[in-house]
Amino acid sequence: MRHALELAWRGWGRVSPNPLVGAVVLRGDETVAEGWHAEFGGPHAELAALHAAGEKARGATLVVSLEPCAHHGKTPPCTDAIRAAGVRRVVAAVRDPDAEARGGVEVLKRAGIETQIGPLTEEAAALNAPFLFTRQQTDRPFVALKLATSIDGRIADAGGRSQWISGPEARDHVHWLRAGFDAIAVGGTTALMDNPQLTARGLTPRKPPVRIVFDRRAMLNLGVSLVQTAREVPTWVMASPEAPISNVSVLEGNGVRVFRPETLAQAFAQLRLAGIQSLLCEGGGALGAKLLAEGLVDRLYWVQSPVWLGEGAVAAFAGIPASPLADAPRWVVVERRPLGSDTLLVLDRRLCLPES
Ligand code: AOF
Ligand code: ZN
């Protein structure tokens, strides 16, 4: 199963909003074939693995990181292919909560195939957190916040300088990370001051993530590269109903799609309706702190760099209400990864485990 989870990652940037799925065909202890979901709308991982196994699938065990689907979607049901291949046993890490695809285990059981859920259910749930989250909650996308802080939790020095706290390895990793999200967001001040591109580099995503700027007054202007390239890479601005109409017109005239939600919650609801299932917020500090304080962050990608910025430097976690230790929210560690001299810590607010 660990290998199936590793294979699933090969679809990163290519399959969203569908899940990352990997599969292995076993005969006894021997791996006879493997497969993964490589492209949105393409063959599912199970089918790829069964195809690779050929006749060796007969009587074998199929190990897959997500319950096989039982529906006709863009592809026929994997349960049909599993039966036709003569698989004897199916081990799936986690149930599929998708309203259309669910129920594969029951279908397989009725066909006389042995089934099992787990091991590595929690790892598989973390792997597909955005997919599972959006099947549980429909009022907003799965929201991840990326932070690069000093060892003392600061995002900029006392003079506001933040380039660069983290090293090149961490920055490359963030480019790779972007490719798997439907959208990348920053605050208006960050867009104006840092003039970022917010494109995925190092991996070509199936669709470039939509670039979103939370800019209540619609202050972005033509000097900003996000606006200059809005006709090439989708760029949206979340303004407020009070934003000057002249600013909004300039943005729209340059190919920027402008939304005018009243609150942050409404902004997220509008993004979900517009098809965004997963969003990676990259700052700045004010937007990140607001998202955290309002409980709108599902995942934290926290790059910790071994530099001290000390008193007076800008704190990453200001304005979070205090909690007594006994009831303090405790997040789930999803991953710890060294990146050069930095450390990436991936934390989820909770695991989205489907009912089994
Ligand atoms: C995938 N890849 O490897 C597996 C999936 O529209 P379809 O036919 O591609 O079906 C998508 C659904 O199938 C998806 O939401 C999930 O519930 C299920 N399993 N999907 O894209 C895969 N195994
Ligand atoms: Zn399937």
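Residues numbered from 1 in each chain as written. Chains lettered and ligands numbered in written order. Predicted model: local features only at pLDDT ≥ 70, side-chain atom pairs only at ≥ 80, totals over all residues. Heavy atoms only, no water.

Ranked by size, the top nonpolar core spans 73 residues in total, and within it Val 25 and Leu 62 carry the most contacts. When residues of this core are sorted by domain, at least three fall in each of domain 1 (2-127) and domain 2 (131-348). Leave out the neighbours within four places in its chain, and Val 25 touches Glu 30, Thr 31, Val 32, Ala 33, Ala 49, Leu 50, Ala 53, Ala 57, Ala 60, Thr 61 and Leu 62. Core analysis: the next-biggest nonpolar cluster, separate from the first, contains 29 residues, Ile 155, Met 238, Phe 259 and Val 297 among them. (Core = buried A, V, L, I, M, F, W, Y, C linked by side-chain atoms within 4.5 Å. Buried < 20%, exposed > 50% of the residue type's maximum accessible area, 1.4 Å probe, protein only. Domains from an automatic or database assignment. Contact = heavy atoms within 4.5 Å.)

Attention shifts here to the pairing of strand E12 (residues 278-281). Each regular strand carries side chains that alternate between the two faces of the sheet. Residues of E12 alternate between two faces, with Ser 278 and Leu 280 on one and Leu 279 and Cys 281 on the opposite face, all of them buried. Two strands pair when backbone bridges link them, and strand E6 (residues 142-150) and E12 are joined in this way by four bridges, in the parallel orientation. Directly across from Ala 144, in E12, lies its bridge partner Leu 280. (Helix = DSSP H or I, 4+ residues; strand = E, 2+ residues; numbered from the N terminus. Pairing = 2+ DSSP bridges.)

In this section: the layout of surface pockets. Gaps left between atoms are located by rolling a probe of water-molecule size over the structure's atoms. By volume, the largest pocket amounts to about 1000 Å³. For the largest pocket, the lining is made up of 36 residues, of which Ser 162, Gln 163, Thr 190, Asp 194 and Glu 282 are closest to its centre. Contributing elements (two or more residues each) for the lining of the largest pocket: E6, strand E7 (154-156), helix H7 (168-178), helix H8 (188-194), helix H12 (285-293) and strand E14 (314-315). The element contributing the most residues to the lining of the largest pocket is H7, with five residues. For the lining of the largest pocket, the residue count by class is 18 nonpolar, 12 polar and six charged. (1 Å grid on protein atoms, 1.4 Å probe; cavity = no way out; pocket = protein on both sides within 12 Å on 5 of 7 lines; lining within 4 Å. Points joined across faces, edges and corners; volume = space filled by probe spheres on them. Nonpolar A, V, L, I, M, F, W, Y, C, P; charged D, E, K, R; others polar.)

Moving on, we get to the coordination of the zinc ion (ligand 2). Around the zinc ion (ligand 2), the protein supplies His 44 (ND1), Cys 69 (SG) and Cys 78 (SG) as donor atoms, at distances of 2.0 to 2.3 Å. In the primary sequence, the donor residues of the zinc ion (ligand 2) line up as H-x24-C-x8-C. A residue pair is termed long-range when its members are at least 10 positions apart, and His 44 in the loop between strand E2 (30-36) and helix H2 (45-53) and Cys 78 in helix H3 (residues 78-85) qualify at 34 residues. Accessibility expressed as a relative area gives 19% for His 44, which makes it buried. (Donors = N, O, S within 2.8 Å, 3.2 Å for Na, K, Ca; no water.)

Going through the model one piece at a time under the given rule, you end up with two cavities of 30 Å³ or more. In this model, the largest cavity occupies a volume close to 210 Å³. Lining the largest cavity we find 20 residues, and of these Trp 12, Ser 16, Asn 18, Pro 130 and Gly 180 sit closest to its centre. Among the elements of the structure, helix H6 (129-136) and strand E13 (299-305) are those that each provide at least two residues to the lining of the largest cavity. Residue composition of the lining of the largest cavity, by class: 10 nonpolar, eight polar and two charged. Lining the lining of the largest cavity are residues from two domains, each supplying at least three of them: domain 1 (2-127) and domain 2 (131-348). Each pocket or cavity is described by its volume, and for the second largest cavity that value is around 60 Å³. What lines the second largest cavity is Phe 133, Phe 142, Asp 298, Asp 348, Arg 349, Arg 350 and Cys 352. Its residues placed into classes, the lining of the second largest cavity shows three nonpolar, no polar and four charged.

Sheets are built from strands paired through backbone hydrogen bonds, the pairs being either parallel or antiparallel. Reading across from one edge, E2-E1-E3-E4-E5 is the order of the five strands in this open sheet, with mixed pairing throughout. Only two strands of the sheet have a single partner each, and these edge strands are E2 and strand E5 (114-117). The average angle at which neighbouring strand axes cross in this sheet is 15°, direction not considered. Two strands pair when backbone bridges link them, and strand E1 (residues 22-27) and strand E3 (residues 61-64) are joined in this way by four bridges, in the antiparallel orientation. Among the inter-strand pairings, Ala 23 is bridged to a residue of E3, identified as Val 64. Against the sheet, H2 touches E1, E2 and E3, its axis set at about 135° to E2. (Axes fitted to C-alpha atoms, helices over the stretch in contact; angles between N-to-C directions.)

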